[in-house]
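Survey of secondary and tertiary structure
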Amino acid sequence: MTQFKLTYFNGRGRRETARVMFAAADVKYEDHRIEMADWPQIKPTTSHGYLPILTVDGKCLHQSGAINRYLAPKFGFMGSNDWEAALINETAEIGDDLFRPMAESVFSSNKARKLSLADIT
Ligand SMILES: N[C@@H](CCC(=O)N[C@@H](CS)C(=O)NCC(=O)O)C(=O)O
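All values reported here derive from a predicted model rather than from experimental measurement.

Side chains of Met36, Val106 and Phe107 sit close together on the surface and give an oily, nonpolar patch of about 270 Å² of accessible area. You can see phenylalanine 107 is positioned in helix H4 (residues 82-107).

Take a look at the structure:
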């Protein structure tokens, strides 16, 4: 059986779509949560310096969009035709547009930018 591990911070964020897919498909996975306080030590050990990371039988896949597009068809969540798949992709892109400033408001090293984003998120 395929061994899945999903690594992310101890919150919803960019892991949530994958987490919901695992739950809806009733597929077991290791839910690896990293505390923010530990992140500065862990970040340099990751390939891209970001989470989430999906590990599949020991192989690492980065980028939430790539992870979601890998899992969705595997678990039967890409609709039943090309048009439905396109609409699902459209919705995923909207979610990413909304999420990006929220993530920047947490992680940006530019304090002024962080504060301005905190106002809108
Ligand atoms: N394009 C990447 C962005 C990943 C990303 O920005 N992850 C944030 C959490 S939502 C992160 O790991 N931030 C840590 C940091 O910037 O040090 C993806 O979609 O996975």
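There's more to say after this.
Here the UniProt feature "domain: GST N-terminal" (unreviewed entry) sits at residues 2-79. Secondary structure within residues 2-79 divides into 32% helix and 24% strand; the distance between the first and last C-alpha atoms comes to 23 Å.

What follows is about the nonpolar core. In this structure, Phe4, Phe22, Leu54, Leu71 and Phe75 are the most contacted members of the largest nonpolar core, which totals 13 residues. Going through the elements one at a time, strand S1 (4-9), helix H1 (16-25), strand S3 (53-56) and helix H3 (64-74) are the ones with two or more residues in this core. Once residues within four sequence positions are removed from consideration, leucine 54 is found in contact with Phe4, Lys5, Leu6, Phe22, Lys59, Cys60, Leu61, Ile67, Tyr70 and Leu71.

Another point: the sheet that holds S3. Sheet architecture is open: four strands sit in the order S2-S1-S3-S4, paired in mixed fashion. Among the strands making up the open sheet, the edge pair consists of strand S2 (30-34) and strand S4 (59-62). Direction aside, the axes of adjacent strands within the sheet are offset by 20 degrees on average. Those strands touched by H1 are S1, S2 and S3, and its axis lies near 145 degrees from that of S1. Where H3 meets the sheet, its contacts fall on S1, S3 and S4, and the angle it forms with S4 comes to roughly 115 degrees.

Moving on: the site of the ligand. Around the ligand, the surrounding shell holds 13 residues, and the nearest of these are Trp39, Lys43, Leu51, Gln63 and Ser64. The protein chains hide 84% of the 510 Å² of surface that the ligand would expose on its own. Listed by contribution, the elements that provide at least two residues to the shell around the ligand are S1 and H4. Residues that form the shell around the ligand fall into these classes: eight nonpolar, three polar and two charged.

What counts and how
Residues numbered from 1 in each chain as written. Predicted model: local features only at pLDDT ≥ 70, side-chain atom pairs only at ≥ 80, totals over all residues. Heavy atoms only, no water. Patch = residues over 30% accessible without salt bridge, like charges linked within 9 Å, V, L, I, M, F, W, Y side chains within 5 Å. Areas by Shrake-Rupley, 256 points an atom, 1.4 Å probe, with all protein chains shown as cover. Salt bridge = Lys/Arg side-chain N within 4 Å of Asp/Glu carboxyl O. Helix = DSSP H or I, 4+ residues; strand = E, 2+ residues; numbered from the N terminus. UniProt positions renumbered as here; feature names shortened; annotations may be inferred. Core = buried A, V, L, I, M, F, W, Y, C linked by side-chain atoms within 4.5 Å. Buried < 20%, exposed > 50% of the residue type's maximum accessible area, 1.4 Å probe, protein only. Contact = heavy atoms within 4.5 Å. Pairing = 2+ DSSP bridges. Axes fitted to C-alpha atoms, helices over the stretch in contact; angles between N-to-C directions. Near = heavy atom within 4 Å. Nonpolar A, V, L, I, M, F, W, Y, C, P; charged D, E, K, R; others polar.

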